[in-house]
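# Coordinate analysis (summary)
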Amino acid sequence: MAKVVKISRRSIKLAAELLRNGEIVIFPTETVYGLGASVFNPEAVAKIFEVKRRPRFDPLIIHIAAVDDMPRLCQRVGERAEKLAAKFWPGPLTLILPKKETVPDIVTAGLPNVAVRMPAHPVALSLIQEAGTPIAAPSANLFGRLSPTAIKHIPAQLKNRVALILDAGKTPIGVESTVLSLVGKDIVLLRPGGLPIEDIEKIVGKVKLPKFLPAKPNSPGQLPQHYSPRTPLKIINRNINIDRKQKIGLLSLTPPSFSEAYAKIAVLSTKGDLREAAANLFECLHELDQAGLDIIYAEPVPKIGLGRAIMDRLERAAQNGANSKIE
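The model shown is predicted, which means the values in this text are computed figures rather than measured ones.

Bringing the pattern of salt bridges into the picture now. For the structure on display, the rule yields 15 salt bridges. Here Lys99 ties to Asp105 by a salt bridge, and the two come within 3.3 Å at their closest N and O atoms. Between Lys152 and Glu283 there is a salt bridge, with its nearest N and O atoms 3.2 Å apart. Pair noted here: Lys152 is in the loop between β7 (135-136) and α7 (156-159) and Glu283 is in helix α9 (residues 274-289), with a separation of 131 residues, a long-range link. The class for Lys152 is exposed, based on a relative accessible area of 58%. One connected set of salt bridges, linked through shared partners, spans Glu176, Asp312, Arg313 and Arg316.

It is worth spelling out the packing of helix α4 (residues 78-88) against helix α8 (residues 197-204) at this point. Look at α4 against α8: their axes get within 10 Å of each other, and the N-to-C directions meet at 125 degrees. The angle between α4 and α8 places the two elements in the oblique class. The two elements α4 and α8 meet at a crossing, and its hand is right-handed. Mapping the contact onto sequence places Arg80, Lys83, Leu84, Lys87 and Phe88 in α4 and Asp199, Ile200, Ile203 and Val204 in α8. Looking at the contact of α4 with α8 residue by residue, the class counts come to 5 nonpolar, no polar and 4 charged.

Before going further, it helps to examine the pairing of strand β5 (residues 93-98). When you tally the buried positions in β5, you get 6 out of 6 residues, the bulk of the element. Bridge count between β5 and strand β9 (residues 178-181): 4 bridges; the pairing is parallel. What sits directly across from Thr94, in β9, is Val179. Two elements, β5 and strand β6 (residues 113-117), share 4 bridges in a ladder whose sense is antiparallel. The residue of β6 that forms the bridge with Pro98 is Asn113.

Working note: regular strand, side chains alternate between the two faces of the sheet. Residues Val25 and Phe27 of strand β2 (residues 25-28) are buried on one face, and the alternating residues Ile26 and Pro28, pointing to the opposite face, are buried as well. Where β2 lies against strand β3 (residues 33-38), 4 bridges are found, and the strand directions are antiparallel. In the sheet register, Val25 faces β3, and the bridge partner there is Gly36. Pairing of β2 with strand β8 (residues 164-167), which is carried by 2 bridges, proceeds in the parallel orientation. Of the residues in β8, the one forming a bridge with Val25 is Leu164.

Reading guide: rules and limits
Residues numbered from 1 in each chain as written. Predicted model: local features only at pLDDT ≥ 70, side-chain atom pairs only at ≥ 80, totals over all residues. Heavy atoms only, no water. Salt bridge = Lys/Arg side-chain N within 4 Å of Asp/Glu carboxyl O. Helix = DSSP H or I, 4+ residues; strand = E, 2+ residues; numbered from the N terminus. Buried < 20%, exposed > 50% of the residue type's maximum accessible area, 1.4 Å probe, protein only. Axes fitted to C-alpha atoms, helices over the stretch in contact; angles between N-to-C directions. Parallel < 35°, antiparallel > 145°, perpendicular 65-115°, else oblique. Left-handed = near helix turned anticlockwise from the far one by under 90°. Contact = heavy atoms within 4.5 Å. Nonpolar A, V, L, I, M, F, W, Y, C, P; charged D, E, K, R; others polar. Pairing = 2+ DSSP bridges.

Here it is in structure tokens:
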């Protein structure tokens, strides 16, 4: 099993050296833990797909430490990207832009565009700077499963196959970055995430919402079933009749008034705060998934602010159940 180390100048230098030598490491961002490799090393990037069991058609996000790194990766940046980067970077926002030929095709799944972001975590930024290279990194989980917001969430299959794990405790935002496409005339939301769309629209105007998901993703996190616990999950309303023959868990935004029918309850926020709820989402889902339940019921949250990202994750996770929603 890979060595898990606390954050220090020495451990960051060691992780950076491993990246330069073609190894893969697990490191924290403000959203979730990432499984990283040097972006300009195709063999190292291939290890990510192998270890994570990720299909090669699903592109990766590239993490940078400075806006000045964008011309290394993108054919053009443009005024819209510059405005968004100036306002929201470092932060949980990924921009899709036309890629430079120097970016290996394995990183972008052969697509002509590249996904770039600057994480708002001091460890991630220090690691990128120390390594001297942008880092390609998806979440440090097995493909399609729950994302890790703490080291304990990372499966043993990954821990056994990486060179080093940097442990910085719980990640503060808890859901992956918001992904925007800037390759066409419209600004298109490809994945809701840790930056609310309402904040983005204050800077660049209307953001278009896609009407359907593509058969093959043109951005990370676009597959219809994703972020799934192993336990089946269904989205319900609070008035559903409970089948008491089953061992049922409940994921609730706030403490429920009726709890006797549930074997285990996980509350996202005692105050109903969507920012706190997003930060606790994967932690709560991991907790429920490890409780030996027959099924997890999840109550919907309002699709405003970070609630949009929460519901995106729940709706994808629900695809592993027989029905995605019970009315």
